[in-house]
Each structure stands twice: as C-alpha cells, then as structure tokens.
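# Close look at the chain arrangement
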Amino acid sequence: MNRRIQLCTDSSAQLPPALAAALGVEVVPVGVALDGEPFDETELDIDLFYDRLREGARATTSQPSPGRLAEAYAHAAEQGAHEVLSLHVSAAVSGTVGAAELAAREATIPVTVVDTGTVSFGVAVCVIDAAAVLRAGGSVGDAVIAVERLTPTLRNAFVAGGAPGGRVPAAEGLPVLSFAGSSVETLGTAESLEHAAAVIESHVLSHQGPIAAAVGHAHRATAAAADALATALEPQVAELIRYRVGPSVGAHTGALSFGAFWWRAPS
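As a starting point, this report considers the structure included with it. Along each chain, numbering runs from 1 in the same order as the chain's sequence is written. Residues qualify for local features only when their pLDDT is at least 70, as the model is predicted, and side-chain atom pairs are given and counted only at 80 or more; totals for whole chains, interfaces and linings, by contrast, use all residues. The side-chain numbers reported here are obtained from all heavy atoms of the structure, hydrogens and water having been left aside.

## Description of unusual backbone geometry
Although it is not a glycine, Q14 adopts a positive phi angle of roughly 65 degrees. The way it works is that DSSP assigns letters per residue, a run of H or I at least four long becomes a helix, a run of E at least two long becomes a strand, and they are numbered from the N terminus. One can find Q14 in the loop between β1 (5-10) and α1 (17-23). The backbone of D35 shows a phi angle near 50 degrees, a positive value even though the residue is not glycine. As for its position among the elements, D35 is in the loop between β3 (31-34) and β4 (37-40). Any residue under 20% of the maximum accessible area for its type is buried, any over 50% is exposed, and the rest in between are partly exposed; the area is computed with a 1.4 Å probe on protein chains only. We classify D35 as exposed; its relative accessible area is 52%.

Encoded structure:
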C-alpha cells in the first residue's frame, strides 16, 4: 500500500486485528459499557463479554469521539502520511461519520471521510477493497470510487438472539435477518443454529455471478454453526474470510449472533 495514504476505520467494522495490521489500517475503538462500566471495544475479551451478556448484563455502545478520531489522524501525520482515507459505519445508524468529519476539519493533513452505507463487517469489506486500490498505486479518489461501486453488491444475512437494550429485539425462535439501508428485514425464522446456517447458505448461494464471502460469529456457542456455514460456502466462493462479531455489534444483536456478508468477487 502507498504509505503516504493512511487508511482509518473504527472497531465496529469488525476488521480482525491481524488483517488490520497486515493492511496498515488505523482502528479507532468504539466505546462499550457493560452494566455501566466503560471499556474500549479493543480492550474487551470477546468470550468474557458474551458470557456476561448471556448472564443478563446490559451492554451499550458509544461512537468514537471527534477527539479520538483526531488523535488517529494526528498519529497518521506523525508517521509520515500525507493524506487519510477514513471509512465508517452508515450514518443512518451511527454518528461516527459526523464525528470523523468534525475531526477532519482540525487535521493537519487532508482527511477524506466516507460513509460506507453499511454496518459491521460490511465496513471491513470496504476497507479491504480500498486497501487493494491504494496498494496498486491508486489515489484516495480511486479508492472512494471503488468503494462506491462495491457497496451496492454487498449483502448480508445473520441470526440475532437479541440483547438487553440492543437495537435488534429478541424474538421467538431464531430470526434470520438482513440489514439494508437503515432498517432490518426479516428473511425467516430458524428452528436451530444449524437450520439458520442452512438458511443463510441458501441466501448467499442465490447470488448471481462470482462472489467473495465472510462468516462471523459472536459467542463460542455459535462457532460450530458458523464453521458449518463456512465449510459449505468455501468451495462455492472465490474467497472466504472468517471474523468474530465483536462487542460493538453483539451489544445490539445478542450473544447468539452469527452470519455472513457476501459481495462481488474482485476481478
């Protein structure tokens, strides 16, 4: 990647730490509180978080402040970056884009803030795509165009068990949902995690043309179903990525969350 351009996102993108490091992405943590006790998302042990959630703890989240984002942009400049491309969760569900825009006004180097229009690992997909463009020598403008072309092809399906106070309420059975725009659509209801994996698989494989996919899971109780989904999809897709559903998303979707994103495969 052209190191003169620094990529930045926030931890709600669910970008695995090893991948963020490999791509050179600056990740600004989302604030998560458990029964009122505040943490940075990147400080929380995922399994302990979900254990607490299943025991009835109430989790809330808060977007990164303009100050935290400004620190990330300043750090980029200190490390020799001449420009920053900052990609974030849809403004329809979070104020992170607005906070980033405020921080960008005070930055000492140009900062381009992008509302990806998506959530969770969908943002990570945009970051990965932008990184590929920059690595090939493209400009910030080239990367923004690539993300704008990618996002209409992004799809998702996931199970949400609900979390106390979360944006996705608990429901009978295991609802299989899809996030689009600023709303959640119900695709169906599964009888078990295994059944949900099969339902999600059918939605992923209904996509026309070559695709890449990512499978993520929250609590370890959902790992086996996510593994089964990934195993079924891997021979059918051009690329498969695995990730964990972190606290900033799990706080709203519940401990028994797992699912997939899929998108047009890179040519």
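After presenting the structure, the write-up continues.
## Describing the pattern of salt bridges
By definition, a salt bridge exists where a carboxyl oxygen of Asp or Glu is found within 4 Å of a side-chain nitrogen of Lys or Arg. With the rule as written, the count across this model stands at seven salt bridges. Between D47 and R220 there is a salt bridge, with the nearest N and O atoms lying 3.7 Å from each other. Highlighted residues: D47 in helix α2 (residues 46-54) and R220 in the loop between β11 (211-217) and α8 (223-233), separated in sequence by 173 residues. Given a relative accessible area of 26%, D47 falls into the partly exposed group. Its relative accessible area of 44% is what places R220 among the partly exposed residues.

## Description of the pairing of β4
Successive residues of a regular strand alternate their side chains across the two faces of the sheet. Strands are labelled as partners when DSSP assigns at least two bridges between them. In this structure, β3 lies alongside β4, joined through four bridges in antiparallel fashion. Residue pairing in the sheet places A33 in a bridge with P38 of β4. If you look at the hairpin formed by β3 and β4, you'll find two residues sitting between the two strands, and D35 has a positive phi there, around 50 degrees.

## Considering the nonpolar core
In terms of nonpolar packing, the biggest core is built from 52 residues, with L7, F49, L85, L87, F121 and W263 touching the most fellow members. Take this core: its biggest share by element is 10 residues, from helix α5 (residues 121-135). Beyond its immediate chain neighbours, meaning those up to four positions away, W263 contacts F121, V125, L150, T153, L154, P210, I211, A212, A213, A214 and I241. Among the buried residues, those of types Ala, Val, Leu, Ile, Met, Phe, Trp, Tyr and Cys that are joined through side-chain atoms within 4.5 Å form a nonpolar core. Only heavy atoms matter for contacts: two residues are in contact if any of them lie within 4.5 Å across the pair.

## Details of the sheet that holds strand β7 (residues 111-115)
Here we have four strands laid out as an open sheet, ordered β2-β1-β6-β7, and parallel in their pairing. Pairing within the sheet leaves two strands with one partner each, and these edge strands are β2 (26-28) and β7. Adjacent strand axes in the sheet meet at a mean angle of 20 degrees when their direction is disregarded. Inspection of the sheet shows β1 paired to β2 by three bridges, in the parallel sense. Bridge assignment links T9 to a residue of β2, and that residue is V27. Fitted lines through C-alpha atoms serve as axes, helices being fitted only where they are in contact, and the angles separating the N-to-C directions of these axes extend from 0 to 180 degrees. Sitting on the sheet, helix α6 (residues 140-150) touches β1, β6 (83-88) and β7, and the angle it makes with β6 is about 15 degrees.

## Regarding the packing of aromatic side chains
Each Phe, Tyr or Trp ring, with Trp reduced to its six-membered ring, pairs with another whose centre is within 6.5 Å; inter-plane angles below 30 degrees give stacked pairs, above 60 give edge-to-face pairs, and intermediate values give tilted ones. A complete count under the given rule lists two aromatic pairs for this structure. Seen from their ring centres, F49 and Y50 are 5.0 Å apart, and the 70 degrees between their planes marks the pair as edge-to-face. Considered together, F49 and Y50 belong to a single accessibility category, that of buried residues. A ring pair is formed by F121 and Y243, whose centres lie 4.3 Å apart and whose planes are at 15 degrees; its orientation type is stacked. With F121 in helix α5 and Y243 in strand β12 (residues 239-244), the pair connects residues that are 122 residues apart, well separated along the chain.

## Observations regarding α5
The span expected for a helix works out to 1.5 Å for each residue beyond the first. Taking 1.5 Å as the rise per residue, α5 with 15 residues should run 21 Å; its terminal C-alpha atoms sit 21 Å apart, in good agreement. The buried fraction of α5 amounts to 12 of the 15 residues, a majority that puts the element mostly inside the structure. Where α5 terminates, the next one or two residues include G137, which has phi positive at roughly 95 degrees.

## Looking at the packing of helix α3 (residues 66-78) against helix α4 (residues 96-106)
At a minimum axis distance of 8 Å, the contact between α3 and α4 shows a crossing angle of 55 degrees. Comparing the axis directions of α3 and α4 gives the class oblique. When you trace α3 past α4, the crossing you get is right-handed. In contact with P66, L69, A70 and Y73 of α3, α4 contributes T96, A99, A100, L102, A103 and A104. Taken together, the residues that form the contact of α3 with α4 break down as nine nonpolar, one polar and no charged. Geometric relationships in this document are graded by angle, where less than 35 degrees denotes roughly parallel, more than 145 denotes roughly antiparallel, 65 to 115 denotes roughly perpendicular, and other angles denote oblique. Handedness of each helix crossing follows the sense of rotation of the near helix against the far helix: counterclockwise by less than a right angle gives left-handed, clockwise gives right-handed. Each residue is assigned to one class: nonpolar for Ala, Val, Leu, Ile, Met, Phe, Trp, Tyr, Cys and Pro, charged for Asp, Glu, Lys and Arg, and polar for all the others, Gly among them.

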